[in-house]
Amino acid sequence: MDVVVQLQRQLADHTASLFHEGFLNDQFNQLQQLQDESNPDFVVEVVSLFFEDSERLLNELAKALEQQAVDYKKVDAHVHQLKGSSSSIGAQRVQGVCIPFRNFCEEQNIEGCLKCLQQVKHEYSLVKNKLETLFKLEQQLIAAGGSFPTL
């Protein structure tokens, strides 16, 4: 059981750091509360959809901002979508970068938009890596015969 206790501690510490460092907010806890025995992979499935959607949106944003004549309404629509999906899983640092990004779209400020695109890509990459680590720890804990408390 020593391995299980160690994994439980790692999982608890990693989860706490995600909230402490501002990667996630309470919306993620609410998402976890929707998971139960009948749908044990609910959070992983929802977050995986977030990853797919975010990568598509980030690619669309990069393409849109490379155009000679930038369609700021289109860029803003993509940023709005990214903001909403990041909010729905509690990825607050991604969501937070979307706010000034939308302001730069409104101002039609290409430099500001490009800077925000780099920031949002960075924050997305960080939260993706952190969540993937969280899910791996959960899998290792289950494989070792342990369980983790559902919130």
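Residues numbered from 1 in each chain as written. Predicted model: local features only at pLDDT ≥ 70, side-chain atom pairs only at ≥ 80, totals over all residues. Heavy atoms only, no water.

Trainee: Explain the overall build of the chain to me, please; I cannot follow it from the model alone.
Mentor: The number of helices and strands found in the chain is six helices and zero strands. Ordered by position in the sequence, the α and β elements of the chain form the string α-α-α-α-α-α. Principal axes of the C-alpha set define a box for the chain whose edges measure 60 × 30 × 20 Å. Residues classed as buried in the chain amount to 40% of the 151 residues present. Within the chain, counting contacts between residues at least 6 apart in sequence, those at least 24 apart form 68% of the total. (Helix = DSSP H or I, 4+ residues; strand = E, 2+ residues; numbered from the N terminus. Buried < 20%, exposed > 50% of the residue type's maximum accessible area, 1.4 Å probe, protein only. Contact = heavy atoms within 4.5 Å.)

Trainee: Hey, could you run me through the side chain of His14 in this one?
Mentor: Within the element layout of this structure, His14 appears in helix H1 (residues 2-20). Within polar-contact distance, the side chain of His14 engages the backbone oxygen of Lys130 at 2.8 Å. Here His14 is in contact with Lys130, Thr133, Leu134 and Leu137, once residues within four sequence places are set aside. (Polar contact = N/O pair within 3.5 Å; in protein donor to acceptor, adjacent residues only side chain to side chain.)

Trainee: Help me understand the packing of aromatic side chains, please; the structure alone is not making it clear to me.
Mentor: Here the distance between the centres and the angle between the planes together describe a pair of aromatic rings. On inspection of all chains with the given rule, the structure shows three aromatic pairs. Where Phe50 meets Phe51, the ring centres are 6.1 Å apart and the plane angle is 50 degrees; that geometry is what we call tilted. Note on accessibility: Phe50 and Phe51 belong to one class, buried. Ring pairs connect the aromatic residues Phe50, Phe51 and Tyr124, which therefore count as one cluster. If you follow Arg93 out to its NZ or CZ, it ends over the ring of Phe23, 3.9 Å from the centre. The cationic tip of Lys128 hangs over the ring face of Phe51; the distance from NZ or CZ to the ring centre is 5.5 Å. (Phe/Tyr/Trp six-rings, centres within 6.5 Å; stacked < 30°, edge-to-face > 60°. Lys NZ or Arg CZ within 6 Å of the ring centre and 35° of its normal.)

Trainee: Could you clarify how one ought to interpret the UniProt feature "domain: HPt" (unreviewed entry) in the chain in this entry?
Mentor: As annotated by UniProt and renumbered to match this structure, "domain: HPt" (unreviewed entry) occupies residues 39-144. The distance from the first to the last C-alpha atom of residues 39-144 is 21 Å, and the span holds 88% helix and 0% strand. (UniProt positions renumbered as here; feature names shortened; annotations may be inferred.)

Trainee: Could you clarify how one ought to interpret the environment of Gln95 in this entry?
Mentor: Tracing the chain through its elements places Gln95 in helix H5 (residues 92-107). Residues Gln95 and Val120 lie 25 residues apart in sequence; the distance between their C-alpha atoms is 8.4 Å. Apart from residues no more than four positions distant in its own chain, Gln95 is found in contact with Asn25, Lys83, Ser86 and Ser87.

Trainee: For this particular structure, what's the right way to read the nonpolar core?
Mentor: Within soluble globular proteins, side chains that are nonpolar tend to cluster in buried spots. Phe28, Val47, Val75, Phe101, Leu117, Val120 and Leu131 are the most contacted members of the largest nonpolar core, which totals 42 residues. Breaking this core down by element, the ones donating at least two residues are H1, helix H2 (26-33), helix H3 (42-66), helix H4 (72-89), H5 and helix H6 (110-143). Contact partners of Phe101, with chain neighbours within four places excluded, come to Leu61, Leu65, Val75, Val79, Cys113, Cys116, Leu117 and Val120. (Core = buried A, V, L, I, M, F, W, Y, C linked by side-chain atoms within 4.5 Å.)

Trainee: Where do I start with the UniProt feature "modified residue: Phosphohistidine" (unreviewed entry) in the chain in this structure?
Mentor: In the numbering used here, UniProt assigns the feature "modified residue: Phosphohistidine" (unreviewed entry) to His80. Following the sequence through the fold, His80 ends up in helix H4.

Trainee: Is there a simple way to think about the state of the cysteines in this case?
Mentor: Simply put, the disulfide is a covalent bond whose two ends are the sulfur atoms of two cysteines. What the rule picks out here adds up to zero disulfides. Not engaged in a disulfide, the cysteine Cys105 finds its nearest cysteine sulfur in Cys113; these two sulfurs lie 3.9 Å apart. Assessed through its relative accessible area of 4%, Cys105 is described here as buried. (Disulfide = S-S within 2.5 Å.)

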